[in-house]
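Residue strings, one per chain:
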Amino acid sequence: MTVFRTFLKVLKACIVPIILYTVILVAFGGFNMKTSDTSTAFVSSKPDIFIVNNDTKNPLTNNLIQYISENSNIIDIENDEEKINDALFYRDVNYIIYIPKNYGEDFFNGKDPKIEIKSTGDYQASLAEMILSRYIKVANIYKDVVDTEEELISKINNTLEKQAEVEITSSLDTDNLSKATFYYNFASYSILAGCVYVICLILSSFQSDKIKKRTVISSMNYKKYNRDLLLSNSLFAIVLWMFYVLLSIILVGNVMFTMHGLVYIANAFVFTICGLTIAFLIGNLVNNKNAINGIVNVIALGSSFLCGAFVPMEFLPDSVLKVAHILPTYYYISSNEMIAKLETFSIEAMRPIITNMIIIVVFSVIFVILSNIVSKRKQKIG
């Protein structure tokens with residue numbers, strides 16, 4: 001109780017910078033979540049096409065235009081080359097199709113007429129080219145086996161109407177799970193930075209000569225002293241974790257009340273405890289309050305960049321990820337990525353996530369042991 005009462009006195013003395021720093025980190029995490037588009041859902045789009053048709057009376061040509069119209073946005077531009085070029089330049093249109101005179105008749109008779117095009121060269125223009133090429137390829141397949149244009153048009157339309165059926169086999173809410181993954185990945189920085197800053201600030205006060213000498217001459221064992229101090233600091237860590245859980249419910253929504261959300265929260269709790277032990281070790285090593293900001297930048301920012309909190313893991317070089325394996329943040333973020341893909345919550349499916357959590361716990365135990373070693377060596381009156 002003596003340690004806890006002293007902890008509360010130190011906490012009260014440092015309450016203003018602690019509240020300011022914590023609020024800034026929580027607000028920064030929420031703002032970053034709101035301003036980042038993490039949606040990975042596919043959205044179908046249509047290219048903008050302008051058609052210059054010099055073969056207006058042919059049924060095959062008209063059918064080609066009809067097919068293109070159904071699969072793109074037909075843009076109305078005055079048929080003037082200067083205005084057409086301007087429309088391409090300003091991306092008002094992606095693709096221009098010039099259908100020559102007698103195109104339909106010449107195509108049916110095997111004369112291989114050429115359709116000229118102009119393009120912006122972007123992905124929408126590539127999509128327009130695929131639409132045009134698909135029609136022409138199907139028409140080329142049937143033109144030698146039919147007797148009339150009407151029969152050719154019928155076979156082309158029957159073939160092009162056939163679409164692949166897509167069956168959704170996953171019921172995952174991928175959009176919200178992606179948001180939750182992004183949020184909790186980024187939270188690794190805020191949680192670690194908050195723990196290191198606040199706990200180091202508190203412990204630096206315990207390292208003052210007056211408190212240090214009283215501790216040394218007291219009958220309290222250094223292990224009990226460290227345990228009481230660690231438990232006292234855990235109150236702040238748990239409150240910080242609860243702040244981020246509450247913020248995730250506000251920003252991400254109902255997915256946090258599902259099994260996925262509970263696993264995200266549990267994973268964050270394990271990492272918070274690890275962040276607490278990291279901060280406790282650093283607080284025992286460093287006595288200088290002025291060095292705390294620099295330490296936060298090195299520990300929190302460094303691990304966040306290396307482990308995928310800011311840049312997704314799939315975009316990081318293999319050499320960086322190999323180095324990241326020595327940091328607990330890597331296993332925390334790796335678990336978040338796996339949680340987003342979970343469809344069942346069997347022991348087998350959860351095994352990699354549980355393994356990562358155990359690794360983080362092992363890191364925490366190691367940090368506590370190192371803290372005790374450092375504390376024992378420091379229990380000398382200079």
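What comes next is a walk through the structure. Bear in mind that the values here come from a model prediction, so they are computed numbers and not experimental data.

The rules behind the values
Residues numbered from 1 in each chain as written. Predicted model: local features only at pLDDT ≥ 70, side-chain atom pairs only at ≥ 80, totals over all residues. Heavy atoms only, no water. Axes fitted to C-alpha atoms, helices over the stretch in contact; angles between N-to-C directions. Helix = DSSP H or I, 4+ residues; strand = E, 2+ residues; numbered from the N terminus. Parallel < 35°, antiparallel > 145°, perpendicular 65-115°, else oblique. Left-handed = near helix turned anticlockwise from the far one by under 90°. Contact = heavy atoms within 4.5 Å. Nonpolar A, V, L, I, M, F, W, Y, C, P; charged D, E, K, R; others polar. Buried < 20%, exposed > 50% of the residue type's maximum accessible area, 1.4 Å probe, protein only. Pairing = 2+ DSSP bridges. 1 Å grid on protein atoms, 1.4 Å probe; cavity = no way out; pocket = protein on both sides within 12 Å on 5 of 7 lines; lining within 4 Å. Points joined across faces, edges and corners; volume = space filled by probe spheres on them.

Here we take up the packing of helix α3 (residues 59–70) against helix α7 (residues 149–160). Where α3 contacts α7, the axes come no closer than 10 Å and their chain directions differ by 15°. Here α3 is positioned roughly parallel relative to α7, judged by the angle of their axes. Relative to α7, the crossing made by α3 is right-handed. Note on element contacts: α7 touches α3 through E149, L152, I153, I156, N157 and L160, opposite P59, L60, N63 and Y67. Considered class by class, the residues forming the contact of α3 with α7 number 7 nonpolar, 2 polar and 1 charged.

Across the 5 residues of strand β3 (residues 95–99), 5 count as buried, placing the element largely inside the fold. Here β3 shows two buried faces, one formed by Y95, I97 and I99 and the other by I96 and Y98. As judged from the 5 bridges shared by strand β1 (residues 48–53) and β3, these two strands associate in the parallel manner. Within β3, the residue paired with I51 across the bridge is I97. Inspection of the sheet shows β3 paired to strand β4 (residues 116–119) by 4 bridges, in the antiparallel sense. By the bridge assignment, Y98 is partnered in β4 with E116.

By the definition in use, this model includes 2 cavities of 30 Å³ or more. The volume enclosed by the second largest cavity comes to roughly 30 Å³. Contributing to the lining of the second largest cavity are L60, Y103, F107, Y135, I136 and A139. Sorting the residues of the lining of the second largest cavity by element identifies α5 (103–108) and α6 (123–142) as the ones contributing at least two each. Counting residues per element, the lining of the second largest cavity draws most heavily on α6, which supplies 3 residues. Split by residue class, the lining of the second largest cavity holds 6 nonpolar, no polar and no charged.

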